[in-house]
Amino acid sequence: MTEGRVQSGPVSASLEQRVLSVAPQPVFVVDHEGRVVFANNAAARGFGYDHPEDMIGLPSHQTWHHRRPDGTPIPTDECRLLAATRAGVAAHGPHEWFVRADGSMFPTTWWCAPFEVDGDIGAVFAFTDLTERHAAEEARRARDAAEIRAAESLAAQRRILEAATSARRQIARDLHDGAQQRMLNVLLALQLTREHVPSELEALDSMLMDAMAEARHAITELRDLAAGIHPTILNTRGLVPALRSLSARTAVPTSVTAHDYGGAAAEIESCAYFVVAEALTNVVKHACATVVEVDVDGDADTLQITVRDDGCGGATPGRGLGLVGMADRVTAMGGELSITSPPRRGTTICVRLPRRSAPVRPSSSLPAS
Amino acid sequence: MATVVVADDHSLIREGVVRVLERGGHRVLAVAADAVELLVQVDIHRPDVVVTDIEMPPSCSEDGLAAAVDIRGRHPETAVIVLSQYLEGDYALTLVGDRPQGVGYLLKEKIADPDILNDAVRRVSVGESVLDPDAVTCLVRRGRPHDPLNTLTPRERDVLGLMAEGHSNTGIAARLAVTVPAVERHVTNIFVKLGLSQANVDQHRRVLAVLTFLRG
């Protein structure tokens, strides 16, 4: 808006006229009919004219204020500029649109004050083009909206993940307290029944023993199933004992090294556990590895877990649901997962998670834009 | 014959265990349905052996295990067997602490195996340690990288596994159908490979070897 060089008005112009002519604020004056009697350079530029003189005599309403952005006309008797001019009062239009010389429109805010023109009532107007401000606000709104969508999506991911984890925990619990406990009762009842079998009924006793063997198998299978779904030790003793137990159940020799990482929130430990479980499943299925090393470490804010095998490598992130699922879990908890897997040189998966997860905000409490 | 206090929050299981123990010649002095009651009954009766479930009220977490550890501290002469729904070496380690004498860790279904349960009660009552054979199998099967246990021969692993189950050299010899001197040679090799050759008391080294085995 500011001009690079100093402008001066006509030689005969008063100081006030010269000031107005160079001021960056668009100003124009209309007579009682709304016709322009004066415009400064800034006003001419704002409306898209080469010279302020081009505006002189133009009817302000019919030229710059005759329609709304949606194209509907603004009748003369609804024009607030004209009304203020005729009433001889100061007025302000905070949210209006003006039409430029080329027909394009711009958002504006204007002020007017009564002003005597040739002995009759007129008005002086000042306005500001809000195009840039609107664009900046629009960009900020879009950015906020994108941030809110991302935060909502992350929060939704976490809620889904936590609901799934909680469901797994409950299923494992039900298997232990329900089915496994009942099979135990069956086993014990069969044993106590055997005590009443007369010694000559050897065949009956052997049938009872077969039934007991089946019950034992069922108990073992329920125990393994529940441990695979959600090991109880993860709730009661935390991540490292659960990982040691997991390593004992893994077909490839696996070591767990735990540095003093200071613990982490339950949902974070749960996430870390299932990521390692998935990683070990992948190693057993695909890696042809002879050893796996799981390393648990951390600092004040971060829990870091590394799973390193000496297998065939070549694991590609994004290929295969296992790796995608692992990345999803970690991202949902605000962490990062990286995979290094050069062909024939083993695979290293590194997971970094915040030790304390931020509380999941319900979407209604997200800040408004 | 040993005197026993039994704790389990399921009455069917409790009664079943009592029945199995009494038929096995042991005498059950009292039963308890939660960890708090267990501690009270043990204080009153001072049994030779406590047989308790790990998961019990009040919190239904590891209350039975905590009570077992507590009892071992308060009454060193009372042996303790914990029954576990889960195959977790960590629970056994908590119970053992640094004193594996007079402790047992059995999977819960062993209550329906009178020979195993009654034998375990008898053995812990005389200061031996009893680890569920299935737990031992699981521990033996798992290999670990950079583990001194990996340097053991299969036969030495068998011997160590039986040591962990609480068998004496004579018992191990009988089970493996070898001579006692042969077992002793294996035991010495195990001590050397696990770096326990400096310890001077044989029983102490035996305990350390089992702990090495359990802790991995």
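Use the structure listed above.
Only a predicted model underlies this, so the values are computations on that prediction, with no experimental measurement involved. (Residues numbered from 1 in each chain as written. Chains lettered and ligands numbered in written order. Predicted model: local features only at pLDDT ≥ 70, side-chain atom pairs only at ≥ 80, totals over all residues. Heavy atoms only, no water.)

Caption draft 1: Focus on the overall build of chain B. Secondary structure summary: chain B contains ten helices and six strands in total. The long-range fraction of contacts in chain B, counting pairs at least 24 apart against all pairs at least 6 apart in sequence, stands at 62%. Per element, the accessible surface of chain B, about 8,700 Å² overall, is 53% carbon and sulfur. (Helix = DSSP H or I, 4+ residues; strand = E, 2+ residues; numbered from the N terminus. Contact = heavy atoms within 4.5 Å. Areas by Shrake-Rupley, 256 points an atom, 1.4 Å probe, with all protein chains shown as cover.)

Caption draft 2: Focus on the sheet that holds strand S2 (residues 36-39) of chain A. All names here are of chain A. The antiparallel open sheet is built from five strands, whose spatial order is S2-S1-S5-S4-S3. The sheet terminates laterally at S2 and strand S3 (91-99), the two strands that pair on one side only. Pairs of neighbouring strands in the sheet enclose a mean axial angle of 30°, with direction left out of account. Pairing of strand S4 (residues 105-117) with strand S5 (residues 120-129) involves ten bridges; the strand directions are antiparallel. Paired with Val117 across the two strands is Asp120, which belongs to S5. Its contacts with the sheet put helix H4 (residues 80-87) on strand S1 (27-30), S3, S4 and S5, and the angle it makes with S5 is roughly 145°. (Pairing = 2+ DSSP bridges. Axes fitted to C-alpha atoms, helices over the stretch in contact; angles between N-to-C directions.)

Caption draft 3: How the structure looks around the side chain of Asp309(A). Residues and elements named next belong to chain A. Turning to its location among the elements, Asp309 is positioned in strand S8 (residues 302-309). No salt bridge is formed by the buried Asp309; the nearest opposite charge belongs to Arg308, separated by 9.0 Å. Engagement of the side chain of Asp309 in a polar contact is seen with the backbone nitrogen of Gly311, the distance being 2.7 Å. Excluding its chain neighbours within four sequence positions, the residues that come into contact with Asp309 are Val283, Ala287, Ala289, Val291, Val292, Gly346 and Thr347. (Buried < 20%, exposed > 50% of the residue type's maximum accessible area, 1.4 Å probe, protein only. Lys, Arg positive; Asp, Glu negative; His and termini not counted. Salt bridge = Lys/Arg side-chain N within 4 Å of Asp/Glu carboxyl O. Polar contact = N/O pair within 3.5 Å; in protein donor to acceptor, adjacent residues only side chain to side chain.)

Caption draft 4: Up close: the sheet that holds strand S2 (residues 27-32) of chain B. Residues and elements named next belong to chain B. Across the sheet, which stays open at both edges, the six strands sit in the order S2-S1-S3-S4-S5-S6 with parallel pairing between neighbours. At either margin of the open sheet sits one strand with a lone partner, and together these are S2 and strand S6 (130-131). By the bridge criterion, four bridges tie strand S1 (residues 3-7) to strand S3 (residues 49-53) in an arrangement that is parallel. Directly across from Val4, in S3, lies its bridge partner Val49. Against the sheet, helix H4 (residues 89-96) contacts strand S4 (79-84), strand S5 (103-107) and S6, and its axis sits at roughly 160° relative to S5.

Caption draft 5: Structural view of the interface of chain A and chain B. Contacts between chain A and chain B engage 31 residues on the former and 33 residues on the latter. Carbon and sulfur atoms supply 51% of the area that chain A and chain B bury against each other, a total of about 2,800 Å² over both sides. Per-residue buried area on chain A facing chain B is highest for Leu188(A), Arg223(A) and Arg237(A); these three make up 22% of the total on that side. Between the two partners, chain A and chain B, sit six salt bridges. Here Arg173(A) and Glu55(B) are joined by a salt bridge, their closest N and O atoms 3.6 Å apart. Run the count over chain A and chain B and you get twelve residue pairs in polar contact (both at pLDDT 80 or more). Contributing elements (two or more residues each) for the side of chain A that touches chain B: helix H5 (131-194), helix H6 (202-229), helix H7 (232-236), helix H8 (239-249), strand S6 (254-258) and strand S7 (292-298) of chain A. For the side of chain A that touches chain B, the element with the most residues is H5(A), which contributes ten residues. (Buried area = accessible area lost by both parts, 1.4 Å probe.)

Caption draft 6: Representation of helix H7 (residues 154-164) of chain B in the model. Among the eleven residues of H7(B), eight are classified as buried, and the element is accordingly described as predominantly covered. Those residues of H7(B) that fall on the buried side of the exposure criterion are Glu156(B), Arg157(B), Val159(B), Leu160(B), Gly161(B), Leu162(B), Met163(B) and Ala164(B).

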